[in-house]
Amino acid sequence: MFRLLSMLSTILAFLTLIILTAGQNCESPQFKVTTYSTQDARLTTESAAQLEFTVKCKNGKQPSNLYADINGQIIPCAQSVSSPGKYYISGSAATPKQLARGRISVKLYDDDSYSALRKARADDAVKAVKPFGEVELICSGASYGPWLPSEFFAVIVFGAIWWIAYRERSKILV
Amino acid sequence: MFFERALIFLTILSVAFGQTDDEESFLFVTKQTINRFLVQNKEFTIKYGLYNSGPTTVYNVHLDDAHSFPIDQYELLVGTLSAKWERLNAGANLTHIVVLKPKQSGISNSTCAIVTYQKSEKNTDVQKTYSSEFGDVYIMTSREYDRRFSSHIIDWVLFTAMASPCIVFPFFLWFKSKSKYEALVTKEKSSKKAQ
């Protein structure tokens, strides 16, 4: 009787341990992302970009911390103090070419995958770590204003008018 | 003799204790704007850089700058003015971007952002530091910016409309006399041919 009870209690303890550890992880996260990148390059000296996203987990848990892989560097994501659940990844580029029009993929790691990443030393081991998720930064590209200024078109139009008039005038005068 | 020995001992002690300050990390925070000009109702981008100098990780970093940009003067477009990070490793730096939209024009003053952090995970003593500031800035009206940078298409269209009487009226006179003259010439030619 006593042995049965002790066996049951160990099994129960083991099961609760599994449930507890499983519950802490965020399963199959879904991201809702808003991106921003500098649009007017004449107004700013550098280009800036920011990703704001919220995470939705299947089991309702929120990941405590997230880290982003930007250009090989792993940096922690900023979290909003006033509205919890929002994460921010920001970056700036000195030349607008680095944030050219297109999509940049950013890998995300949570606490577990981040510690696994830190323990990995070889390149293969680093690549083998499964990221928590991946979000995309959509850059619209910074504009420098219109290709040809409107003064160019004004000169062309008025120049054409003058040229036609001059041609007709020289016909008459000759 | 004894006094000299005591003095030497004391200096060695103070130097030894002074060395422990190097083991603590200090956070440097810069706050700058990457705008060339500040224009009313156009984006105003602020970049915060946090750098951890020193050999240890700092924890629980909080950045608070809501007091510099009151909600009645600036509208928040992108990012947040109160952000937190769980940790910042030694020697690492972070960037945080906030985009605002100034509602008013004129000279505006902004103060430093306040950053608080813990030097160790267990010790909850909070260290407060201030960021750099960019002082007084002049926010120009959108009209001033447009005068220099907008595409002026509408201005040219209006100019063409105002200049068109000067062009169209003489053209019309010339065209009228030209068509009359050409009609005369063709009439003469056809009458000559007939003859």
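Quick caveat, the model's predicted, so the values are computed rather than measured.

*Asks:* Looking at this structure, I do not really get the sheet that holds strand 11 (residues 136–140) of chain B. What am I missing?
*Replies:* Consider a sheet: its strands pair through backbone hydrogen bonds, and that pairing is either parallel or antiparallel. Residue and element names in this part refer to chain B. Spatial strand order, 2-11-8: three strands in an open sheet with mixed pairing. The sheet is open, and its two borders are formed by strand 2 (38–39) and strand 8 (106–109), each paired with just one other strand. The pairing of strand 8 with strand 11 spans four bridges and is antiparallel. Directly across from Ser 108, in strand 11, lies its bridge partner Val 137. Helix-sheet contacts for helix 2 (residues 142–149) involve strand 2 and strand 11, and the interaxial angle to strand 11 is about 70°.

*Asks:* Mind showing me how you'd approach unusual backbone geometry here?
*Replies:* With glycine set apart, most residues show a phi of negative sign, and most peptide bonds adopt trans. All names here are of chain B. Unusually for a residue other than glycine, Asn 60 sits at a positive phi of about 55°. On the secondary structure map, Asn 60 appears in strand 4 (residues 58–64). Given the relative accessible area of 35%, Asn 60 is considered partly exposed. Of note, His 152 is a non-glycine position whose phi angle comes to about 60°, a positive value. Relative to the elements of secondary structure, His 152 occurs in the loop between helix 2 and helix 3 (153–194).

*Asks:* Quick question: what am I supposed to make of empty space enclosed by the protein here?
*Replies:* Rolled over the atoms, a probe sized like a water molecule indicates the empty space that remains. A complete count under the given rule lists one cavity of 30 Å³ or more for this structure. There is about 60 Å³ of room inside the largest cavity. Elements supplying a minimum of two residues to the lining of the largest cavity: strand 4 (73–76) and strand 6 (86–93) of chain A together with strand 7 (93–102) of chain B. Across the lining of the largest cavity, the residue classes tally to nine nonpolar, three polar and no charged.

*Asks:* Would you explain the packing of aromatic side chains in this entry?
*Replies:* Geometrically, a pair of aromatic rings is defined through the distance of the ring centres and the angle of the planes. A complete count under the given rule lists 18 aromatic pairs over all chains for this structure. Aromatic side chains Phe 44 of chain B and Phe 134 of chain B sit 6.3 Å apart centroid to centroid with 75° between the ring planes, which places their arrangement in the edge-to-face category. Of the two residues, Phe 44 of chain B is situated in strand 3 (residues 44–53) and Phe 134 of chain B in the loop between strand 10 (126–130) and strand 11; the sequence distance between them amounts to 90 residues. What links up through ring pairs into an aromatic cluster is the set Phe 31, Phe 53, Tyr 87 and Phe 132 of chain A.

*Asks:* What am I meant to see in the sheet that holds strand 5 (residues 78–80) of chain A here?
*Replies:* On the basis of which strands lie adjacent, the open sheet formed by eight strands has the order 1(A)-2(A)-6(A)-5(A)-6(B)-4(B)-9(B)-10(B) and antiparallel pairing. Across the chains shown, the open sheet's two edge strands, defined by having one partner strand only, are strand 1 (30–37) of chain A together with strand 10 of chain B. On average, each strand axis in the sheet is tilted by 25° relative to the strand beside it, whichever way the strands run. One ladder, built from two bridges, connects strand 5 of chain A with strand 6 (residues 82–88) of chain B; its direction is antiparallel. Each bridged residue has a counterpart across the sheet, and for Ser 80 of chain A the counterpart in strand 6 of chain B is Ala 83 of chain B.

Procedures and definitions
Residues numbered from 1 in each chain as written. Chains lettered and ligands numbered in written order. Predicted model: local features only at pLDDT ≥ 70, side-chain atom pairs only at ≥ 80, totals over all residues. Heavy atoms only, no water. Pairing = 2+ DSSP bridges. Helix = DSSP H or I, 4+ residues; strand = E, 2+ residues; numbered from the N terminus. Contact = heavy atoms within 4.5 Å. Axes fitted to C-alpha atoms, helices over the stretch in contact; angles between N-to-C directions. Buried < 20%, exposed > 50% of the residue type's maximum accessible area, 1.4 Å probe, protein only. 1 Å grid on protein atoms, 1.4 Å probe; cavity = no way out; pocket = protein on both sides within 12 Å on 5 of 7 lines; lining within 4 Å. Points joined across faces, edges and corners; volume = space filled by probe spheres on them. Nonpolar A, V, L, I, M, F, W, Y, C, P; charged D, E, K, R; others polar. Phe/Tyr/Trp six-rings, centres within 6.5 Å; stacked < 30°, edge-to-face > 60°.

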